[in-house]
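If you want the building blocks of each chain, they are given just below.
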Amino acid sequence: MWVDREVSAVVHRIATLSAAALVVTLTACGGSKVATAPTKPTSRPAAEPASTPATAPSVTDDDSAPQCAAVPAAQQAAGNVHVIRSFDGGDGANPWGSLTLDGSTLYGRTTFGGAENNGVVFSIGTDGSAFKTMHTFTLGSDNGSGNQPHHDSLTLDKGVLYGATLKGGAGDHGVVFSIRRDGSRYTPLHVFKGAPSDGSQAHSDFVVVGDTLYGMTAKGGAHDGGSLFSVRTDGSDSRMLYSFDAPTGDEPHGRLALTSDGASLVGMTRKGGAHGDGVVFRFDLHTSTYRVLHDFAGGAADGATPFHGYLTRIGTALYGMTTKGGSADAGVVFRIGETGSGFTILHTFGVTKDDGKETKGSLLLSRGYLYGESYKGGPFDDGTAFRIRTDGSDYRQLAYFGGSVTGAHPYDNVAIAADGSKLYGMTGFGGAHDPNCTKAYGTIYSVDVPR
């Protein structure tokens, strides 16, 4: 059974969060299972009260030691990272995912923390004001409503936010849900049933076409290697469109994108394919034909293991990142045509001193630049934010993280202000209430973008 080392390390830290007094045990493929709940704290109201930071004892870290750097505030000030909020466990913990920006409001989710240590949906102003817990996920593998949302951002369409949970629902397979921007009407739209007839463990959100959501799960399907599915925004007409299988790519953890003609979906798997390092694929919505566009092979001339990212389409070109591969085996930025032609590495991470390493997200286009973040790298190896032009030129590191002050190890993707002046994102660890990164609380941050 394959076990996610990233999740294994986090579960060790999360297990003793006093905010919910829970015991967490590791399960397969990037999830955790609530084993016992000796006590249940009083639920937090929708609006944020004065908060007492939760505490947790130091825990051995199986992934790396130390997990984040103890950086003096004055030294970190040069990193260009501004903390909007530090999570304390009671208001959320380990925000594995991205933010959705709507005007001056950011919407997001945490995987753990909250009243029942199974995550929350929240909103917050871009200036750090008006933090609100919109929904608290509840305990239970068969709770019907899902818990532990995992990676990516919420999808905003016609005033409604759509998301997915990794766990909960029925048989711990997760759910697709909707929620209003004011936090009302949280509704499970589809409860996954798992292999072989349905998906399981959704790690990403959706492409919306008309009134239909298209997404992927990392497990489930006919081969238990993940599924590509659709469901209407009212929860009707759920369909499993394709079952992933190791020989042609499995365990997709990212979001889908539409081709330029709107007829096909493109995406990546993090495993499987000819070399076991994942693939870029295309799925025709009219013929249900699945085709591998590129098999990642690793090494100096290719990427490997696109961990949680999706493809950004610009015209007929697709842009993405991998966590491994390249000459430093620290990942690459790449471009490929939507028909599979012209695979090109635009940047190799980790070659120069203090460059970013091991990206676990995607790229966002704004004003001629692609923006992203790296999980590791930078002067303290706690991650970076960067930009690069679509032709691979003008790569520039915009910010670096120092866990004890800013948070450490940003996940997934950035959001960018309408005027292009700021990036917004989240880190999975560190911050004011987690200076040693032993509690996996994390932060919400902004980065100033140079003109």
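Residues numbered from 1 in each chain as written. Predicted model: local features only at pLDDT ≥ 70, side-chain atom pairs only at ≥ 80, totals over all residues. Heavy atoms only, no water.

1. With respect to unusual backbone geometry
Here's step 1: Here the residue pair A195 and P196 is connected by a cis peptide bond, since its omega of 5 degrees sits within 30 degrees of zero.
Here's step 2: Within the fold, P196 resides in the loop between β11 (187–191) and β12 (199–200).
Here's step 3: Non-glycine residue H151 carries a positive phi angle of around 75 degrees.
Here's step 4: With respect to the helices, strands and loops of the structure, H151 is situated in the loop between β7 (132–136) and β8 (155–157). (Helix = DSSP H or I, 4+ residues; strand = E, 2+ residues; numbered from the N terminus.)

2. Quick notes on the layout of surface pockets
Here's step 1: By volume, the largest pocket is sized at about 550 Å³.
Here's step 2: Lining the largest pocket are 24 residues; nearest its centre among them are S153, R255, Y310, L363 and L364.
Here's step 3: Every element with two or more residues in the lining of the largest pocket is listed here: β4 (100–102), β18 (257–258), β23 (312–314), β29 (364–366) and β35 (415–416).
Here's step 4: Partitioning the lining of the largest pocket into residue classes produces 16 nonpolar, 6 polar and 2 charged. (1 Å grid on protein atoms, 1.4 Å probe; cavity = no way out; pocket = protein on both sides within 12 Å on 5 of 7 lines; lining within 4 Å. Points joined across faces, edges and corners; volume = space filled by probe spheres on them. Nonpolar A, V, L, I, M, F, W, Y, C, P; charged D, E, K, R; others polar.)

3. Structural notes on the sheet that holds strand β32 (residues 384–389)
Here's step 1: Read from one edge to the other, the open sheet built from 4 strands follows the order β29-β30-β32-β33, with strand pairing classed as antiparallel. The sheet terminates laterally at β29 and β33 (396–400), the two strands that pair on one side only. In this sheet, adjacent strand axes meet at a mean angle of 25 degrees when their direction is disregarded.
Here's step 2: With 6 bridges connecting them, strand β30 (residues 369–374) and β32 associate as antiparallel partners. Bridging from a neighbouring strand, G372 pairs with F386 of β32. (Pairing = 2+ DSSP bridges. Axes fitted to C-alpha atoms, helices over the stretch in contact; angles between N-to-C directions.)

4. Quick notes on the nonpolar core
Here's step 1: Formed by 16 residues in total, the largest nonpolar core has its most connected members in L99, F122, I124, Y424 and I444.
Here's step 2: At the level of elements, β6 (120–125) and β36 (422–429) are the ones that each hand at least two residues to this core.
Here's step 3: Top contributing element to this core by residue count: β6, with 3 residues.
Here's step 4: Setting aside residues no more than four positions away along its own chain, Y424 makes contact with I84, L99, L101, L106, T126, N413, V414, A415, A417, Y445 and S446.
Here's step 5: Counting 13 residues, the second largest nonpolar core, distinct from the first, contains Y369, I416, Y445 and V449. (Core = buried A, V, L, I, M, F, W, Y, C linked by side-chain atoms within 4.5 Å. Buried < 20%, exposed > 50% of the residue type's maximum accessible area, 1.4 Å probe, protein only. Contact = heavy atoms within 4.5 Å.)

5. Looking at the confidence of the model for the protein
Here's step 1: In this model, the protein carries a mean pLDDT of 87, and residues with pLDDT of at least 70 account for 84%.
Here's step 2: Confidence drops under pLDDT 50 across residues 1–66; counting only partners more than four residues distant or on other chains, this segment forms 160 contacts. (pLDDT = per-residue confidence, 0-100.)

6. Re the packing of aromatic side chains
Here's step 1: Applying the stated criterion to the full structure yields 26 aromatic pairs.
Here's step 2: Measuring from centroid to centroid gives 5.6 Å for F87 and F122, while their planes differ by 65 degrees, and the two rings are edge-to-face. With F87 in the loop between β3 (81–86) and β4 and F122 in strand β6, the pair connects residues that are 35 residues apart, well separated along the chain. Considered together, F87 and F122 belong to a single accessibility category, that of buried residues.
Here's step 3: F122 gets classed as buried once you look at its relative accessible area, which sits at 0%.
Here's step 4: Taken together, Y242, F244, F281, F283 and Y290 form an aromatic cluster joined through their ring pairs.
Here's step 5: Its guanidinium or amino end placed over the ring of F307, K360 lies 4.5 Å from that ring's centre, counting from NZ or CZ.
Here's step 6: Directly above the ring of Y375 sits K360, whose terminal nitrogen or CZ lies 3.9 Å from the centroid. (Phe/Tyr/Trp six-rings, centres within 6.5 Å; stacked < 30°, edge-to-face > 60°. Lys NZ or Arg CZ within 6 Å of the ring centre and 35° of its normal.)

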